[in-house]
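Survey of secondary and tertiary structure
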Amino acid sequence: MEDGIVTDHTVPDTEAERAPARAWALAGLVAALSGLAVGQLAAALFAPRAAPLSAISDVVIAASPPQVTQWGIETFGTADKPLLQAGIIVAVAVAGMLAGIAWRAARTAGAAVAALLALAGAAAAVTRPDLGPAAALPSLAAGLWAAGCLHWWDTRRPERDASGRRRFLAVAVAVGAGAVAASLLARRFGPGSVEADREAFTVPEPDLPAAEPGPGADLDVEGLAPWRTPNADFYRIDTAITSPAVDVDTWRLRVHGMVGRTRTYTFDDLLGRELVERDITLCCVSNPVGGDLVGNARWLGVSLAELLAEAEPDPGADQLVSRSVDGFTAGTPTAMVFDGRDALIAVGMNGEPLPVDHGWPARLVVPGLYGYVSATKWLTELELTTFDAYDPYWIERDWGLPEPVHTASRIDTPRSGADAGTVTVAGVAWAQHRGISAVELKVDDGPWTECELSDVATDDTWRQWRIDWDASSGEHTLTVRATDGDGRVQTDEVAPTKPSGATGLHNVKITVA
Ligand SMILES: Nc1nc2c(c(=O)[nH]1)N[C@H]1C(S)=C(S)[C@@H](COP(=O)(O)O)O[C@H]1N2
Ligand SMILES: [Mo]
């Protein structure tokens, strides 16, 4: 039998009477994708990170050799994760087609392919550090649904006429689409939503408020990054594909390792401590020169040094490893945490509870260090150890050991064109914990000219700068450089982001009309 309508309605049972393999492949594909959607929905209801797509992505990221992840980041930037998920969807679709074709030959073979797929998702989920055995359920539900679809296709024989095939496709596609829509809603409003907990948390008043920067903190130039970065615009860097959903009632922060006394804190324990508010600029080691993986926020939290001191750290413990519920780790020099800087365990960001994507309920912020060696989100463990004994997440992937952030400056406006006449050139400069003492701009091969700086009250934040430039028509190159609070001029030596952060001067080519 080829395509077309079969008028004899006796159930076909020989190979020759089966629909062609391509019809089975399509049935398998639809079954697998709608199964995936059902699995996503099941997870959205109680454990978003157990969703098959999240779990498999996380395993792929964790298992990829550093060269591969590095290539992914360099080639796709922050589109790397959506592309990875698209790749997994394609792989599931292909596996579904294989299951369909196998089922056509022998039901057990097809069912085995579906079961393997479901088990792979289940295994990925249960091996996530923050998930338990129940995390297997969404993938198993996905597999059952997909196998159920193929069983229906096989036994009720919708394959035998066009209307039956259409009905099968319509049901499977509708269930899949409905599950996708419902899981999006459930993630936002469902019982498993941490957003509800977070919104119920009233950010307390600080015991030690941040020093106010003065009236000229924000130069307020069109196109210039605001001094304080709104939470919604704050850059994000995560190894996890879906932000962990931490239940604040059962959340614990454990301090252990080379300490006199192991200690455990609840969220309420943190809130009962002296609450410190500080303006701190955070930047990513993978920020290219002129890039925007940097932001400034007003953090509310408790002193990391004071909390650690209660555990009586061994003086030999030169590395503080912070661990996230999702398994991410960062290693911070213990000496830096105790040198008097405002290293915080933050619970608030810009007057709001810490956003889920930025680490709710608690994260570290250490002024003067890149995020990969200090700023652990969804924090759950602080382990005192040594640099010899343990390589955290990015160090294991060949990034450099912690170093103070490089002095950096960026031109925000103009970026490409301007009208002849007076043009305001403006941007930001940062050298957290050393501060910025000067910013200079150079037009073409002209002299370095000092720019106006915004008011700041701490060396831990970036500083805006601006200058009026009398622009003549034609092509021009603007170059910026900063001097840090210790009087050291930003280096013009060009270094890539890996292993220890990009250096070099930011310049922009401007066409003046
Ligand atoms: N759990 C966890 N914490 C993390 C990361 C991560 O991938 N997972 N990324 C780190 C890096 S590399 C940076 S630059 C900062 C970014 O913080 P943000 O996403 O709030 O901007 O978080 C750090 N903390
Ligand atoms: Mo980073």
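**Some words on the nonpolar core**
Formed by 78 residues in total, the largest nonpolar core has its most connected members in Leu270, Trp299, Leu304, Leu307, Ile345 and Leu382. Once residues lying within four places of it in the same chain are set aside, the contact partners of Leu307 are Leu253, Val255, Tyr265, Leu270, Arg273, Val302, Ile345 and Leu382. Counting 21 residues, the second largest nonpolar core, distinct from the first, contains Leu453, Trp465, Trp469 and Ala482.

**Comments concerning the packing of aromatic side chains**
Under the defined criterion, the tally for this structure stands at 15 aromatic pairs. With centroids separated by 5.3 Å and ring planes inclined at 65°, the aromatic side chains of Phe201 and Phe267 adopt a geometry described as edge-to-face. Residue Phe201 is located in the loop between helix H8 (194-200) and strand S1 (253-257), and its partner Phe267 is located in helix H9 (residues 267-271); the two are separated by 66 residues in the primary sequence. The class for Phe267 is buried, based on a relative accessible area of 6%. Here Phe328 and Tyr393 contribute two aromatic rings whose centre-to-centre distance is 5.7 Å and whose plane-to-plane angle is 35°, an arrangement assigned as tilted. Placement of the pair is Phe328 in the loop between strand S5 (319-324) and strand S6 (329-333) and Tyr393 in helix H12 (residues 393-396), with a sequence separation of 65 residues. Accessibility expressed as a relative area gives 14% for Phe328, which makes it buried. For Arg397, the ring lying beneath its charged end belongs to Tyr393, and the centroid distance is 3.7 Å.

**Here we look at the side chain of Lys377**
Structurally, the position occupied by Lys377 is in the loop between strand S9 (363-365) and strand S10 (379-385). Of the residues examined, Lys377 reaches a relative accessible area of 9% and is grouped as buried. At a separation of 3.3 Å, a polar atom in the side chain of Lys377 contacts the main-chain carbonyl oxygen of Ile237. For Lys377, the side chain forms a polar contact with the main-chain oxygen of Asp357, separated by 3.1 Å. With near-sequence residues (within four places) excluded, Lys377 lies in contact with Ile237, Asp238, Ser324, Asp357, His358, Gly359, Ala362 and Arg363.

**Quick look at the site of ligand 1**
In the region of ligand 1, 19 residues are neighbours, and Tyr235, Thr239, His358, Arg363 and Lys377 sit closest. Between ligand 1 and Lys377 there is a distance of 2.5 Å, counted from an oxygen atom to a side-chain nitrogen or oxygen. Its residues assigned to classes, the shell around ligand 1 comprises 9 nonpolar, 5 polar and 5 charged.

**Here's the deal with the pairing of strand S4 (residues 294-303)**
By the criterion of burial, S4 is predominantly enclosed, with 10 of the 10 residues buried. As defined by bridge partners, strand S3 (residues 276-283) adjoins S4 across 8 bridges and the pair is classed as antiparallel. Considered in S4, the bridge of Asp279 is made with Arg298. Pairing geometry for S4 and strand S7 (residues 344-349), over 5 bridges, is antiparallel. Each residue of the ladder has a partner; that of Val302, found in S7, is Ile345.

**Focus: empty space enclosed by the protein**
Evaluation of the coordinates by the stated rule reveals 3 cavities of 30 Å³ or more. Roughly 170 Å³ of volume is contained in the largest cavity. Here the lining of the largest cavity gets 3 residues from one element, more than from any other, and that element is strand S11 (residues 408-413). In terms of residue class, the lining of the largest cavity is built from 9 nonpolar, 9 polar and 1 charged.

**What about the confidence of the model for the chain?**
Regions with low pLDDT carry predicted coordinates that are not meant to be interpreted in detail. On average, residues of the chain score 91 in pLDDT, and 94% of them are at 70 or above. Scored below 50 in pLDDT, residues 1-10 shows 14 contacts in the model against residues more than four places distant or in partner chains.

**A closer look at the sheet that holds S11**
The strand order across the open sheet formed by 4 strands is S11-S13-S17-S16, and the pairing between neighbours is antiparallel. Both outer strands of the open sheet, S11 and strand S16 (452-453), are each paired with one neighbouring strand and no more. The sheet contact formed by S16 and strand S17 (residues 463-471) spans 2 bridges and is antiparallel. What sits directly across from Leu453, in S17, is Trp465.

Procedures and definitions
- Residues numbered from 1 in each chain as written.
- Chains lettered and ligands numbered in written order.
- Predicted model: local features only at pLDDT ≥ 70, side-chain atom pairs only at ≥ 80, totals over all residues.
- Heavy atoms only, no water.
- Core = buried A, V, L, I, M, F, W, Y, C linked by side-chain atoms within 4.5 Å.
- Buried < 20%, exposed > 50% of the residue type's maximum accessible area, 1.4 Å probe, protein only.
- Contact = heavy atoms within 4.5 Å.
- Phe/Tyr/Trp six-rings, centres within 6.5 Å; stacked < 30°, edge-to-face > 60°.
- Helix = DSSP H or I, 4+ residues; strand = E, 2+ residues; numbered from the N terminus.
- Lys NZ or Arg CZ within 6 Å of the ring centre and 35° of its normal.
- Polar contact = N/O pair within 3.5 Å; in protein donor to acceptor, adjacent residues only side chain to side chain.
- Near = heavy atom within 4 Å.
- Nonpolar A, V, L, I, M, F, W, Y, C, P; charged D, E, K, R; others polar.
- Pairing = 2+ DSSP bridges.
- 1 Å grid on protein atoms, 1.4 Å probe; cavity = no way out; pocket = protein on both sides within 12 Å on 5 of 7 lines; lining within 4 Å.
- Points joined across faces, edges and corners; volume = space filled by probe spheres on them.
- pLDDT = per-residue confidence, 0-100.

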